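Here is how the chains run, residue by residue.
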Amino acid sequence: MKTLIIGGVAGGATAAARLRRLDEKAEIIIFERGEYISFANCGLPYYIGGVIEEREMLLVQSPEKMKANYNIDVRLKQEVVSLNRDEKKVRVEDLRTEATYEESYDYIILSPGANPIRPPIPGIENPGIFTLRNMADVDAIKGYIDNCTPEKAVVIGGGFIGIEMAENLHYLGMNVAIVEMIDQLIAPLDYEMASLVHGHILSKGVHLYLKDGVQAFEDNDGSLEAVLASGKRIPADLVIMAVGVKPEVGLAKEAGLQLGDRGGIKVDESFRTSDPHIFAIGDAVEVKDLVGGESTLIPLAGPANKQGRIAANNIAGIEEKYKGTQGTAIAKVFDLTVAATGNNEKGLQRRETQYLSTITQSKSHAGYYPGALPMTMKLLYASSGAILGAQIVGYNGVDKRIDVLAAVIRFNKSVYDLQELELAYAPPYSSAKDPVNIAGFVAANHLSGQLAVAHWHELEQTNSLILDVGTAEEREISSIEGSVHIPLGELRNRLNELPRDKEIIIYCQIGLRAYIASCILKQKGFSAVRVLSGGIKHYQATRQAQNNLDNQDYEYDSHKTEPQDLLRQEIYSNETGDKNPDRAQPGEIL
């Protein structure tokens, strides 16, 4: 059996290695038009920023190792230019000599990946404008930085790659701006969660231009400028285009293989294309959204590796089906960690799926143990309790919580199951009730009717009475304008001060005391009572981030740090003494 694998990196190299482990006699050839069979493309921004010091650390495999360990024929700088399905042959061009030849096959695995989008913007061919997708790109950017020593950088696109590039360019001492056409960074997040990221990035002195797009790049007396739709002009010595990727489907389309509605290669659950002898994997294929069930494009390394393994299994006679991709992703954003899995509100609304949501504020580990840092978690779920998606913004411990939630979604568990999870606990690592448990408790209370929630944006225009049940000291630090103040400890004796014919929205720092107050009021006959989800901490972090965004200083004179990063104010931290009464104590029941 002879299998040709077109494209290496994550999916192709994994498929080749798996196929060899299953069939020692198979003839396996990998065609890679680049110079490297497998490299750590997710690590490219960190090499540019100097976090990864040695270029060789990015190179995962070499043709020599693939030959020695797996007896796989790896052909670099050789591109498959056409595919003859009737004769089961491909035509290959050696990019070094321009010579062509044919190769027969029994099976093909297409792993062409995706190409960075480079829109036809006037001036985009300027030598100071780059995309980042492969080793050639990273070498070009690194060489430009070393030779030209740019001081001002503009990143076009606010996704994970764009933000990682902005961070690493900032570390190199550049003044950095990010331009994004929509109203937020990191599209998998919902707006209020993205606002926490906005505030943190602004606190580092990086400039944000949201709801604004690039119309042109112009040379102004020898200096490059990005001209935005708003009319703003941003000076730039270096521009990184990170506006997304599109699936590389040229070869598949020319061969007559069926494409999907999203423009990717259409495959079945085994990754067979419309030709049973041709499989396709990775960024070029459309997969099923695990939560919503529709076709989607999710260009992530983890799914690509799994897809390569499944395609190899099926070629070797081991039937296996792919159940879908949920888009679990995580990124470092300066000091923050940002993660998401499953669907967000925009996706659910687009499909007209009914959902509920709650926001919880927890600490990375027990509050009485030094170094506990805040973590904001948003949970999206159906009325049945099925979890539809989750997002976390925080510092330490975000990764393990998003992984737990990703596993729960993968195995069709509910918010009620989150309550029952027995997760590892010791004060340096977690709390007796882990943040994942807390999210489950709050969501279950919401579903049962024991807790009614109000979301941050609902306070902008409401006729409800806003009740602050925090302490007098907390109210001096922060409060919601127009709110009434009755500390929780005094509430039972001051019920006559509250109207019974008007809705009451209660808040405290993170929501725990507000929930307790709501239980008191409902049992005392107040019928319309809701709790501000996430508390005033989340509300003010969102509002402050927007205020900082509206009033940021666009002068490129220094790395300013004046904007407040409310997500990490000292009131959260044990380093100055934790005075937060919302901190859950051992044995406290939500």
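Throughout what follows, the structure given in this document is the object of discussion. Note that the structure is predicted; figures quoted are calculated from it, not measured.

Here is what the cut-offs are and how they apply
Residues numbered from 1 in each chain as written. Predicted model: local features only at pLDDT ≥ 70, side-chain atom pairs only at ≥ 80, totals over all residues. Heavy atoms only, no water. Salt bridge = Lys/Arg side-chain N within 4 Å of Asp/Glu carboxyl O. Helix = DSSP H or I, 4+ residues; strand = E, 2+ residues; numbered from the N terminus. Buried < 20%, exposed > 50% of the residue type's maximum accessible area, 1.4 Å probe, protein only. Expected span 1.5 Å × (residues − 1). Contact = heavy atoms within 4.5 Å. Patch = residues over 30% accessible without salt bridge, like charges linked within 9 Å, V, L, I, M, F, W, Y side chains within 5 Å. Areas by Shrake-Rupley, 256 points an atom, 1.4 Å probe, with all protein chains shown as cover. Pairing = 2+ DSSP bridges. Axes fitted to C-alpha atoms, helices over the stretch in contact; angles between N-to-C directions. Phe/Tyr/Trp six-rings, centres within 6.5 Å; stacked < 30°, edge-to-face > 60°. Lys NZ or Arg CZ within 6 Å of the ring centre and 35° of its normal. Disulfide = S-S within 2.5 Å.

1. Considerations on the pattern of salt bridges
The final tally for this structure, using the stated rule, is 28 salt bridges. Note that Glu192 is salt-bridged to Lys378, the shortest N-O span being 2.6 Å. In this pair, Glu192 is assigned in helix α6 (residues 191–203) and Lys378 in strand β26 (residues 374–381), connecting sequence segments 186 residues apart. In this structure Lys378 comes out as buried when scored by relative accessible area, which is 1%. For Glu225, the salt bridge identified is with Arg233, shortest N-O distance 2.8 Å. Look at Glu225 and you get buried, because its relative accessible area is 13%. Through salt bridges with shared partners, a single network forms among Lys2, Asp73, Arg75 and Glu103.

2. Some remarks on the side chain of Ser38
Mapped onto the elements, Ser38 comes out in strand β3 (residues 38–39). For Ser38, a relative accessible area of 7% gives the class buried.

3. Re helix α1 (residues 9–22)
For α1, spanning 14 residues, the distance from its first C-alpha to its last is 20 Å, which sits close to the expected 20 Å at 1.5 Å a residue. Among the residues making up α1, those that are buried are Gly11, Gly12, Ala13, Ala15, Ala16, Ala17, Arg18, Leu19 and Arg20. Here the buried face of α1 lies against β1 (2–6), β2 (27–32), β3, α3 (63–70), β9 (107–110) and α8 (301–315).

4. Description of a nonpolar patch on the surface
On the surface, Tyr368, Tyr369 and Tyr425 cluster together into a nonpolar patch covering about 310 Å² of accessible area. Within the fold, Tyr369 resides in the loop between β25 (356–363) and β26. Residue Tyr369 is classed as partly exposed on the basis of its relative accessible area, which comes to 36%.

5. Here we look at the sheet that holds strand β29 (residues 465–468)
Whenever strands of a sheet pair, they do so through backbone hydrogen bonds, lying parallel or antiparallel. Here five strands make up an open sheet; going across it, the order is β28-β32-β31-β29-β30 and the pairing parallel. Bordering the open sheet on either side are β28 (453–454) and β30 (484–485), each of which pairs with just one other strand.

6. Some thoughts on the sheet that holds β26
Spatially, five strands are ordered β23-β24-β27-β26-β25 in an open sheet, and the strand pairing comes out antiparallel. Because the sheet does not close on itself, it has two edges, and the strands there are β23 (329–333) and β25. Each neighbouring strand pair of the sheet contributes to a mean axis angle of 15 degrees, computed without reference to strand direction. In the sheet, β23 pairs with strand β24 (residues 336–342) via five bridges, with the strands oriented antiparallel. Paired with Lys332 across the two strands is Thr337, which belongs to β24. Sitting on the sheet, helix α10 (residues 398–410) touches β23, β24, β26 and β27 (387–394), and the angle it makes with β27 is about 175 degrees. Against the sheet, helix α12 (residues 435–448) makes contact with β25 and β26, and its axis sits at roughly 145 degrees relative to β25, the strand it touches most.

7. Let's talk about the packing of aromatic side chains
Using the criterion set out here, one finds five aromatic pairs in the structure. Seen in terms of ring centroids, Phe271 and Tyr322 are 5.1 Å apart; in terms of plane orientation they differ by 55 degrees. Their pairing is tilted. In this pair, Phe271 is assigned in the loop between α7 (250–254) and β20 (278–280) and Tyr322 in the loop between α8 and β23, connecting sequence segments 51 residues apart. Geometry around Tyr47 places Lys142 over its ring, the cationic atom sitting 5.4 Å from the centre.

8. Side note on the state of the cysteines
Working definition of a disulfide: a covalent bond connecting the sulfur atoms of two cysteines. Under the defined criterion, the tally for this structure stands at zero disulfides. Cysteine Cys508 shares no disulfide, and the gap to the nearest cysteine sulfur, in Cys519, comes to 12 Å.

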